[in-house]
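Chains, contacts and geometry: an overview
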Amino acid sequence: MNRDSMLAQLDENKTWDILIIGGGATGLGAAVDAASRGFSTLLIEADDFAKGTSSRSTKLIHGGVRYLEQGNLKLVREALKERGRLLKNAPSVTHKLGFIIPTYSFGQKLFYGTGLKIYDMLAQKLSFGKIKFLSNKTIQNISPAINQEKLKGGIVYYDGQFDDARLAINLAHTAARHGAVLLNYCEAQSLLKKKTKPTDKYPKVYGIVAHDYLSDKTFEIRSKTVINATGVFADDIIQMDNKDAEDIITPSQGIHLVVDKKFFPGDHAFVIPKTDDKRVLFAVPWHNKVILGTTDTEMDSITDEPVPLQEEINYILQHANRYLNTNITINDVTSMFAGLRPLVKTKGVTNTSMLSRDHVIIVSLSDLITITGGKWTTYRKMAEDAVNNAIFIAKFKFIHPVTKTLQIQSSAFDAIDYNEPIEKIYSKENIKQFIEEEMATCVEDILARRTRLLFLDAKLAMKTAPYIAATIAEILKKDDDWIRNEIENFILLAKNYLP
Ligand SMILES: Cc1cc2nc3c(=O)[nH]c(=O)nc-3n(C[C@H](O)[C@H](O)[C@H](O)COP(=O)(O)OP(=O)(O)OC[C@H]3O[C@@H](n4cnc5c(N)ncnc54)[C@H](O)[C@@H]3O)c2cc1C
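Predicted, not measured: the structure shown is a model, and the values here were computed from it.

1. Here's the deal with the pairing of strand β2 (residues 41–44)
- Burial along β2 is two-sided: Thr-41 and Leu-43 facing one way and Leu-42 and Ile-44 facing the other are all buried.
- Bridging between strand β1 (residues 15–21) and β2 involves four bridges; their strand directions are parallel. By the bridge assignment for β2, Ile-18 is matched with Thr-41.
- Between the parallel elements β1 and β2, the chain passes through helix α2 (residues 25–36) in a crossover that is right-handed.

Structure representation (structure tokens):
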């Protein structure tokens with residue numbers, strides 16, 4: 001996957017079958033689906049692949065126990081199916097994980113036990129394993145950080161875990177392997193529209209104007225269909241189509257605090273089933289650290305670098321310290337990151353935690369297809385639905401999707417061990433591969449998404465940045481000004497990941 005050869009394929013004389021705007025989970029999934037069905041496919045991403053919400057998730061592949069409690073059986077059943085498929089199709093970046101729910105009374109044991117049994121049954125053949133009731137002693141052995149005060153045992157159930165940004169890169173590789181062209185740092189700036197047939201009542205979208213930031217070139221790109229997969233930015237594209245269209249997205253922020261494994265040793269994750277605001281909070285081992293999260297805060301503005309709010313940080317520390325034998329302070333946080341959920345507005349619902357996690361497809365009068373909402377876990381199904389819509393709109397001959405069993409490309413970088421020396425992880429050879437095969441273009445791409453150091457240990461990432469910048473400069477023949485600029489930009493960004 002080489003950027004120069006991708007860019008060379010942006011041919012203004014060509015008409016693509018399917019053009020996708022947005023290179024997060026949804027867009028990359030759509031590119032895999034479309035290309036593997038044989039459609040000529042182009043995806044453009046304004047920033048880096050997975051720069052948006054798709055690198056900032058809680059890293060769970062799950063049906064969502066919380067949605068079961070809300071009674072959304074359809075969503076849970078669909079997500080559990082997708083969970084099973086993803087583990088089979090992308091084993092290099094996913095694995096099963098045991099989650100411990102603490103119980104403080106017999107009633108709770110019965111309530112959660114019944115719910116989790118139903119959860120497992122809904123997975124049918126794709127079950128990850130039966131739930132087990134645990135005594136306090138077993139909990140002490142497998143997860144010694146769980147506070148035993150008033151504890152009356154617990155329950156372990158199974159879900160999945162993954163590395164979101166690595167899966168995104170692997171999806172890009174998979175789409176490219178099937179002939180798709182994908183370009184990061186290339187932004188859709190406007191839509192091309194006209195009445196294509198005398199019978200058309202409204203002008204139809206027949207492509208986009210896109211700007212490639214690295215070559216500083218602007219292209220008119222034609223396509224028979226255009227899919228808007230821009231997550232929380234979906235309204236920007238919808239309003240390029242119709243400036244009077246009402247917003248459909250309510251952005252809801254969720255933050256995570258990352259701490260050392262010593263605060264939560266063991267291989268299991270921990271679930272606080274009911275926080276003060278009746279949500280679920282997780283402590284999840286991830287690489288060589290533990291992620292604590294998340295929150296659900298409605299935001300007024302949308303940005304590609306959301307920053308945790310002080311009250312969100314306090315909320316997570318308070319809950320974690322209440323349920324764990326720890327006193328984690330702000331000084332123990334090695335990194336923190338925030339993401340924006342692209343929730344779709346529902347009339348009458350004012351609390352974002354009650355807004356649906358289902359995905360939504362909207363086809364405008366100009367035939368622009370917008371797909372948003374949903375979860376990482378269900379990206380494959382979302383992609384299939386979006387491409388089915390594109391087939392219908394463009395009247396393509398129907399070709400069956402193949403992604404239910406399609407193997408997703410793996411990479412040696414999926415197995416990076418963050419306990420290894422930094423010089424080994426970031427050898428010149430590895431950096432060359434990130435650039436030449438994974439389309440990394442700057443320090444941030446390498447430290448935030450090709451590897452996850454920024455999300456694990458922001459201070460260490462800042463310390464490593466000058467060396468990465470110098471090595472990229474050597475490979476790409478950049479000058480000292482470029483190096484200085486890169487380091488400054490990265491340090492500025494990384495400060496947002498430190499409390
Ligand atoms: C805090 C949090 C925790 C979560 N945890 C989980 C979890 O554990 N498990 C799970 O299954 N799901 C989880 N989710 C949900 C999941 O992360 C999202 O549903 C998913 O990542 C959304 O992907 P997307 O592709 O729709 O959006 P995004 O990842 O935001 O991608 C949209 C992309 O479009 C690009 N773009 C915008 N405008 C343009 C333009 N004009 N031209 C070109 N490109 C453009 C953006 O740069 C961006 O990269 C979580 C979400 C949050 C916020």
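On we go.
2. Looking at helix α10 (residues 379–394)
- With 16 residues, α10 extends 22 Å between its outermost C-alpha atoms, agreeing within 8% with the 22 Å of an ideal straight helix rising 1.5 Å per residue.
- Among the residues of α10, Tyr-379, Arg-380, Lys-381, Met-382, Ala-383, Glu-384, Ala-386, Val-387, Ala-390 and Ile-391 are the ones counted as buried.
- Lining the buried residues of α10 we find β1, α2, α4 (73–89), β10 (217–228), β17 (359–363) and β18 (369–373).
- Phi turns positive one or two residues past the end of α10, at Lys-395, with a value near 55°.

3. What to know about the packing of α2 against helix α7 (residues 164–177)
- α7 packs onto α2 with a crossing angle of 25° between their chain directions and a minimal axis gap of 8 Å. In terms of axis orientation, α2 runs roughly parallel to α7. When the axes of α2 and α7 are compared, the crossing they make is left-handed. Judged by residue contacts, Ala-25, Leu-28, Gly-29, Ala-31, Val-32 and Ala-35 of α2 engage Ala-168, Leu-171, Ala-172, Thr-174 and Ala-175 from α7.

4. A look at the domain arrangement of the protein
- In terms of domain boundaries, the protein breaks down into domain 1 (3–53 + 165–248 + 354–394), domain 2 (81–161 + 251–347) and domain 3 (416–497).
- Put simply, the middle of domain 1 and the middle of domain 2, counted by C-alpha atoms, are 32 Å apart.
- Among the secondary structure elements, those contributing two or more residues to the side of domain 1 that touches domain 2 are α7, β18 and α10.
- With three residues, the single largest contributor to the side of domain 1 that touches domain 2 is α7.

5. Looking at the site of the ligand
- The full set close to the ligand counts 40 residues, and Gly-22, Gly-24, Gly-52, Gly-231 and Gly-254 are the nearest of them.
- Elements with a minimum of two residues in the shell around the ligand: α2, β8 (186–194) and β16 (333–344).
- The element that contributes the greatest number of residues to the shell around the ligand is β16, accounting for four residues.
- Grouping the constituent residues of the shell around the ligand by class yields twelve nonpolar, 18 polar and ten charged.

6. Here we look at helix α8 (residues 234–241)
- The buried fraction of α8 is high, at six of eight residues.
- Residues of α8 that are buried include every one of Ala-234, Asp-235, Ile-237, Ile-238, Met-240 and Asp-241, and no others.

What counts as what
- Residues numbered from 1 in each chain as written.
- Predicted model: local features only at pLDDT ≥ 70, side-chain atom pairs only at ≥ 80, totals over all residues.
- Buried ≥ 20, exposed ≤ 12 C-beta atoms within 10 Å, placed from the backbone.
- Helix = DSSP H or I, 4+ residues; strand = E, 2+ residues; numbered from the N terminus.
- Pairing = 2+ DSSP bridges.
- Right-handed = clockwise from strand over helix to strand, strands pointing away.
- Expected span 1.5 Å × (residues − 1).
- Contact = placed C-beta atoms within 7 Å.
- Axes fitted to C-alpha atoms, helices over the stretch in contact; angles between N-to-C directions.
- Parallel < 35°, antiparallel > 145°, perpendicular 65-115°, else oblique.
- Left-handed = near helix turned anticlockwise from the far one by under 90°.
- Domains from an automatic or database assignment.
- Near = placed C-beta within 6 Å.
- Nonpolar A, V, L, I, M, F, W, Y, C, P; charged D, E, K, R; others polar.

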